[in-house]
Amino acid sequence: MDVQRLVAMANDIARYFASEPDREAAVEAVADHLRKFWTPRMREQLVKYVKEDGVGLDELSSRAVARLGRSTDDPA
């Protein structure tokens, strides 16, 4: 999938959770949504994009994707 489309979709999800007053809970909610509803390939593409530069992602979605990246770096 086109990475810019993934960026737009992640930002849409982040906007939905942006009203959560607890920022850490909002980050986790976005990350959880991505874990549950996105395919592994979609998540991998976005994690790779964030590691390269992540331009276009808002703060909340960027933090959530970074969290996903850390969880995939950890040995299972």
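Here, every reference points to the structure presented above.
Residues numbered from 1 in each chain as written. Predicted model: local features only at pLDDT ≥ 70, side-chain atom pairs only at ≥ 80, totals over all residues. Heavy atoms only, no water.

**Q** Sorry if this is basic, but what is going on with the side chain of serine 61 here?
**A** Note that serine 61 resides in helix H4 (residues 59-73). By relative accessible area, which is 0% here, serine 61 ends up buried. Among the polar contacts listed, one links the side chain of serine 61 to the side chain of asparagine 11, at a separation of 2.6 Å. Discounting residues that sit within four places of it in the chain, serine 61 has contacts with Ala10, Asn11 and Ala14. (Helix = DSSP H or I, 4+ residues; strand = E, 2+ residues; numbered from the N terminus. Buried < 20%, exposed > 50% of the residue type's maximum accessible area, 1.4 Å probe, protein only. Polar contact = N/O pair within 3.5 Å; in protein donor to acceptor, adjacent residues only side chain to side chain. Contact = heavy atoms within 4.5 Å.)

**Q** It is not clear to me how the packing of helix H1 (residues 3-17) against helix H3 (residues 40-52) should be interpreted in this structure. Could you clarify?
**A** Between two packed helices, the angle of one axis relative to the other and the distance separating the axes together describe the packing. Where H1 meets H3, the axes come as close as 10 Å, and the angle between the chain directions of the two elements is 95°. By the angle between their directions, the pair H1 and H3 is classed as roughly perpendicular. Two secondary-structure elements touch here, H1 through Val3, Gln4, Leu6, Val7, Met9 and Ala10 and H3 through Met42, Gln45, Leu46 and Tyr49. Residues that form the contact of H1 with H3 fall into these classes: eight nonpolar, two polar and no charged. (Axes fitted to C-alpha atoms, helices over the stretch in contact; angles between N-to-C directions. Parallel < 35°, antiparallel > 145°, perpendicular 65-115°, else oblique. Nonpolar A, V, L, I, M, F, W, Y, C, P; charged D, E, K, R; others polar.)

**Q** What's the story with H1 in this structure? I'm lost.
**A** Quick reminder: α-helices carry 3.6 residues per turn. Residues three or four places apart thus point the same way. Its 15 residues give H1 an end-to-end C-alpha distance of 21 Å, which sits within 8% of 21 Å, the value for a rise of 1.5 Å per residue. Those residues of H1 lying buried are Leu6, Val7, Met9, Ala10, Asn11, Ile13 and Ala14. (Expected span 1.5 Å × (residues − 1).)

**Q** Please clarify how H3 should be interpreted in this entry.
**A** Taking 1.5 Å of rise per residue, the 13 residues of H3 would be expected to cover 18 Å, and the 18 Å separating its terminal C-alpha atoms lies within 8% of that figure. A positive backbone phi angle near 70° is found at glycine 54, which sits one or two residues after H3.

**Q** What is the right way to read the environment of histidine 33 from this model?
**A** Looking at where histidine 33 falls in the secondary structure, it is placed in helix H2 (residues 23-37). Histidine 33 sits 19 residues away from alanine 14 along the chain, and the two C-alpha atoms are 9.7 Å apart. When residues no more than four places from it in sequence are discounted, the contact partners of histidine 33 are Ile13, Phe17 and Trp38.

**Q** Help me out: how do you make sense of the environment of tyrosine 49 in this one?
**A** For tyrosine 49, the location among the structural elements is in helix H3. Taking the C-alpha atoms as reference points, tyrosine 49 and leucine 6, separated by 43 residues in sequence, lie 9.9 Å from one another.

**Q** Can you walk me through the nonpolar core in this structure?
**A** One recurring pattern in soluble globular proteins is that nonpolar side chains are buried together. Core analysis: the biggest nonpolar cluster contains 22 residues, and Val30, Leu34, Trp38, Leu46, Leu57, Leu60 and Val65 have the highest contact counts within it. For this core, the elements supplying multiple residues, two or more each, are H1, H2, H3 and H4. For this core, the element with the most residues is H1, which contributes six residues. Those residues in contact with leucine 46 that sit more than four places away from it in its chain are Leu6, Val7, Ala10, Trp38, Leu57 and Val65. (Core = buried A, V, L, I, M, F, W, Y, C linked by side-chain atoms within 4.5 Å.)

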